[in-house]
Amino acid sequence: MKRRRTALLSLAALLATALTALPAGPAGADEAEQLRNGTFDTTTEPWWTTGNVTAGLSDGRLCADVPGGTADRWDAAVGQNDVTLVKGESYRFSFKASGSPQDHVVRAIVGLQTAPYDTWYEVSPQLSVSGDTYAYTFTSPVDTTQAQVAFQAGGAADPWRLCLDDVSLLGGVPPEVYRPDTGPRVRVNQAGYLPAGPKNATLVTDATTRLPWRLRNAAGKAVAHGWTVPRGTDASSGQNVHTIDFGAFRGRGTGYTLVADGETSRPFAVGTGAYEQLRLDSLKYYYTQRSGIAIRDDLRPGYGRPAGHVNTAPNQGDADVPCQSGGCDYTLDVTGGWYDAGDHGKYVVNGGISTWELLSTYERSLLARTGEPGRLGDGSLALPESGNKVPDILDESRWELEFLLKMQVPDGQPLAGMAHSKVHDAQWTGLPLLPSDDPQKRELHAPTTQATLNLAATAAQAARLYRPYDRAFAARALTAARKAWTAALAHPEVYPDPNDGTGGGAYPDDNASDEFYWAAAELYLTTGEKQFAGHVLSSPLHTADVFGPLGFDWGRTAAAGRLDLATVPSRLPGRDQVRRSVIKAADRYLATAGAQPYGMPYAPEGNLYDWGSNAQVLNNAHVIATAYDLTGAAKYRDAAVQSMDYVLGRNALNISYVTGYGEVSSHHQHSRWYAHELDPNLPDPPRGTLAGGPNSGIQDPYAQSRLKGCTGQFCYIDDIQSWSTNETAVNWNAALAWMASFAADQG
Ligand code: 9MR
């Protein structure tokens, strides 16, 4: 046994030390080791540690004593600098690691050794649980000679010991071919079908002629049978597929399976329970996204956490936030609101469409023939406000509305009445990180016309919906909406900086005509005033086709105005025409759904799935559902309900994109606090959380390392690192909530 050597070079000393390169010892012809001394035979050099870690040799390994009581992973680390990476080249990152006591997590990263410490690859295995050898392959997204390999071990309450050996970063290895496990080839809605609703499934097969299918109940008895319909090669997945229609079956129960071509589907229910539950879960999601308030564990068991960004250290807090780079001479209290997504940013633009869709879920329940407002009533969502005699969905939406109102530039300032676009961290933070642990400086970003009109639209909509419950709030909201509208007219072309994406998202948008149309529509529907009708009627968007293949979203908001003009009672001249335009759009989405062997109303141009495609599918379904509300025609109801099948498992990956729904569901969504994948002490996202979904852009390095060349539906991976395909976001869950509520109403 070798004597343990304490005290490594400090990080600072190491950075100052010139390092001698060791002779390369390639394992294969073109494979080249990038690390020096990963075997620790005689020394631990040139590995560094942070000042609070003591490391030395032990049995030919590097063992590090990690202190307890640090906050974040990176607060205690061992690493090696000056590693070279070549862009596009594949590397095998492997090491042996053990922890005592066991079960500790180490975050192993390959990233930039200086600020802003970009992370290009990371894994966070739990040690000494299932063997101590780890190997991963990734592709470098950069060219650099300043890469760092580091093992971050901070964040534990008590001291522990981390031992490492055979650390290797081997360049020139063949990239790993990623093959998702897609399970049985019969694809169904794993959460369940409505007893009187459409029931369709998709079979992946090489067969080109029809095949028999059987529906089995939980006891294995065949309760229906028929023939598949061959559909040829499906463009969205590249697969040869057949469809199965078992809509004639009218039974109820759980544990059904569909059998065809020798394959048995995942089990599913036929009943109404899943949608009733999903209506609530998709809305309950917002409480745990709240900023500025402690989340109560009694209301969300497993999700309790301290309040985020309330000026308690290490948070710098949202109570007195200055403008970015001295853009203003005031600070604002912008506490509250919802965190946008997996980051800690709060954005007026995306907050706006999300609030609108939640308020519209409520407004539909009041107006549509199948609406059931009681289901969204007081006590339905287990909120701190439950019991106040106000529908819970209004309580939850108000949490965001109050934040949106706080983002308005105060009177007396040059841009008074406009809304700041966003508040977020000065720099991007790593994962995992509870909102209450974020140490970054918070900054208000410049006001924009789009943010101002998001405020005008949602505050105007709020004014009509909260009036029966809180007249004072309704009046305050309407005053703010009018003020915002006037400010937007005075500053009609102040757009967000598309490059303002450090520490938070940019939400770039160089056109505000859709936001003007939407805000004018909401102000008109609430006030009935001629000035707003005039703006609606004279907007070129009023008669334009605002329902494209990608659906409406935070950057395409005209549809929100059009849908409300069609459904909320008013005396708008030509209202029939408005209603017909929604039905016409629904007919197009219906045709798309009919042509898709997976049944979703989504066929983006060039088969290029967009960022957040799952929400776009659901928003197209929202338009179809509105056509049902307008006409009562069953074809619209059925196509809208059928769209849910895709999101809940009838897709090429055979995955339900909603956490906790179906036998296999997304549960590793990118989030700084639902980060169970990185820290066993943190939870997975709550039941009812929608993943963004397939995104042909695969902007994040993790997705790039796994999914390069992916076809449409395959551009998705359920990993916390994949922020471009697998994030959670308030606008996406709003689309889910609206549709889940509609589907529940059809039971
Ligand atoms: O959903 C947004 C997508 O449409 C944009 O293309 C992308 C880049 O701006 O940003 C997405 O939104 C993210 C936001 O910028 C920051 N918070 C997380 C959001 C979801 O990924």
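As a convention, each chain's residues are numbered from 1 in the sequence order in which they are written. Selection of residues for local features in this predicted model requires a pLDDT of at least 70, selection of side-chain atom pairs for listing and counting requires 80 or more, and totals for whole chains, interfaces and linings are taken over all residues. As a rule here, side-chain values come from all non-hydrogen atoms in the structure, and water together with hydrogens is ignored.

### What about the overall build of the protein chain?
- By the criteria applied, helices consist of DSSP H or I runs no shorter than four residues and strands consist of E runs no shorter than two, each listed in order from the N terminus. What the protein chain contains, in helices and strands, is 14 helices and 25 strands.
- For a compact globule the rule gives 2.2 Å times the number of residues to the power 0.38, and the radius of gyration it is set against comes from C-alpha atoms. A compact globule built from 747 residues would reach a C-alpha radius of gyration of about 27 Å, and the protein chain, at 27 Å, matches this within 12%.
- With the C-alpha coordinates of the protein chain rotated into their principal frame, the extents come out at 85 × 75 × 45 Å.
- Buried, partly exposed and exposed residues are distinguished by accessible area as a fraction of the type maximum, computed with a 1.4 Å probe on protein chains only: under 20%, between the cut-offs, and over 50%, respectively. Put simply, the protein chain has 747 residues, and 59% of those count as buried.
- In the protein chain, 72% of the contacts between residues at least 6 apart in sequence involve partners at least 24 apart.
- Positive charge is attributed to Lys and Arg, negative charge to Asp and Glu, and no charge count is given to His or to the chain ends. Each charge is placed at NZ for Lys, CZ for Arg, CG for Asp and CD for Glu. For the protein chain, the centre of its 62 positive side-chain charges and the centre of its 80 negative side-chain charges are spaced 8 Å apart. For this analysis, residues touch if any pair of their heavy atoms sits within 4.5 Å.

### Points about the packing of aromatic side chains
- Note on aromatic contacts: the rings of Phe and Tyr and the six-membered ring of Trp form a pair at centre separations within 6.5 Å, being stacked when their planes are under 30 degrees apart, edge-to-face when over 60 apart, and tilted otherwise. What the rule picks out here adds up to 33 aromatic pairs.
- Centre to centre, the rings of F95 and Y136 are 6.3 Å apart; their planes meet at 35°, and the pair counts as tilted. Placement of F95 in strand β6 (residues 90-100) and of Y136 in strand β9 (residues 133-139) is noted, with a sequence separation of 41 residues between them.
- Relative accessible area serves as the criterion here: at 1%, F95 is assigned to the buried category.
- Owing to a relative accessible area of 18%, Y136 belongs among the buried residues under this scheme.
- Judged by centre distance (6.3 Å) and plane angle (40°), the ring pair of Y646 and Y657 falls under tilted. Here the residue Y646 occupies a position in helix α12 (residues 634-647), and Y657 occupies one in the loop between α12 and α13 (701-707), the gap between them amounting to 11 residues. Assigned by exposure class, Y646 and Y657 land together as buried.
- The structure contains a cluster of three or more aromatic residues connected by ring pairs, namely F40, W47, Y91, F93, F95, Y121, Y134, Y136, F138 and F151.

### Here's the deal with the sheet that holds strand β17 (residues 240-245)
- Pairing in this open sheet of 4 strands is antiparallel, and the strands run β12-β13-β17-β16 from one edge to the other. Every interior strand has two partners, whereas the edge strands, β12 (186-187) and β16 (229-233), have only one. Whether two strands pair comes down to DSSP finding at least two bridges between them.

### A look at the UniProt feature "domain: Cellulase Ig-like" (unreviewed entry) in the protein chain
- UniProt positions are given in the numbering used here, feature names are shortened, and annotations may be inferred rather than shown by experiment. The feature "domain: Cellulase Ig-like" (unreviewed entry), as given by UniProt, occupies residues 181-265 in the numbering adopted here.
- Taken end to end, residues 181-265 is 0% helix and 46% strand, and its two terminal C-alpha atoms sit 14 Å from one another.

### Thoughts on helix α10 (residues 575-595)
- Over its 21 residues, α10 extends 31 Å from the first C-alpha to the last, a length consistent with the 30 Å expected when each residue adds 1.5 Å.
- Taken together, the buried positions of α10 are R575, V578, S581, V582, A585, A586, Y589, L590 and A593.
- Next to the buried residues of α10 lie α9 (558-567), α11 (613-631) and α12. Multiplying one less than the number of residues by 1.5 Å gives the expected span of a helix.

### Quick word on the pairing of strand β3 (residues 54-58)
- Across the 5 residues that make up β3, a large majority, 4, are buried.
- The turn joining β3 and strand β4 (residues 61-66), which pair antiparallel and follow one another in sequence, is formed by 2 residues; a positive phi near 55° is taken by D59.

### Here we look at the environment of Y716
- When you line up the elements, Y716 lands in the loop between α13 and α14 (730-745).
- Separated by 146 residues in sequence, Y716 and S570 have C-alpha atoms that sit 43 Å apart.
- Not counting residues within four places of it along the chain, the set of residues in contact with Y716 comprises L653, I655, Y657, S666, A691, G693, P694, L707, T725 and N726.

### Digging into the packing of helix α5 (residues 449-466) against helix α6 (residues 471-490)
- Axis angles are defined between N-to-C directions and span 0 to 180 degrees, where every axis is a line fitted to C-alpha atoms and, for a helix, only to the segment in contact. Where α5 meets α6, the axes come as close as 7 Å, and the angle between the chain directions of the two elements is 150°. On the basis of their axis angle, the class for α5 and α6 is roughly antiparallel. For α5 against α6, the interelement crossing comes out left-handed. For the pair formed by α5 and α6, the contact residues are T449, T452, L453, L455, A456, A459, A460, A462, A463 and Y466 on the first element and F473, A474, A477, L478, A481, A484, W485, A487 and A488 on the second.
- Looking at side-chain class alone, the contact of α5 with α6 contains 17 nonpolar, 2 polar and no charged residues. Angles below 35 degrees are treated as roughly parallel, those above 145 as roughly antiparallel, those between 65 and 115 as roughly perpendicular, and all remaining angles as oblique. Put simply, a crossing is left-handed when the front helix is turned counterclockwise from the back one by less than a right angle, and right-handed when it is turned clockwise. Lys, Arg, Asp and Glu make up the charged group, whereas Ala, Val, Leu, Ile, Met, Phe, Trp, Tyr, Cys and Pro make up the nonpolar group; the residues left over, Gly among them, are polar.

### A short note on the packing of helix α3 (residues 348-367) against α5
- Interhelical geometry of α3 versus α5 gives an angle of 25° and a closest axis separation of 9 Å. Taken together, the axes of α3 and α5 lie roughly parallel to each other. The two elements α3 and α5 cross, and the hand of that crossing is left-handed. Every residue of α5 that contacts α3 at V348, V349, G352, I353, T355, W356, L359, S360, Y362, E363 and L366 is listed here: Q450, A451, N454, T458, Q461, A462, R464, L465 and Y466.
- For the contact of α3 with α5, a count of residues per class yields 11 nonpolar, 7 polar and 2 charged.

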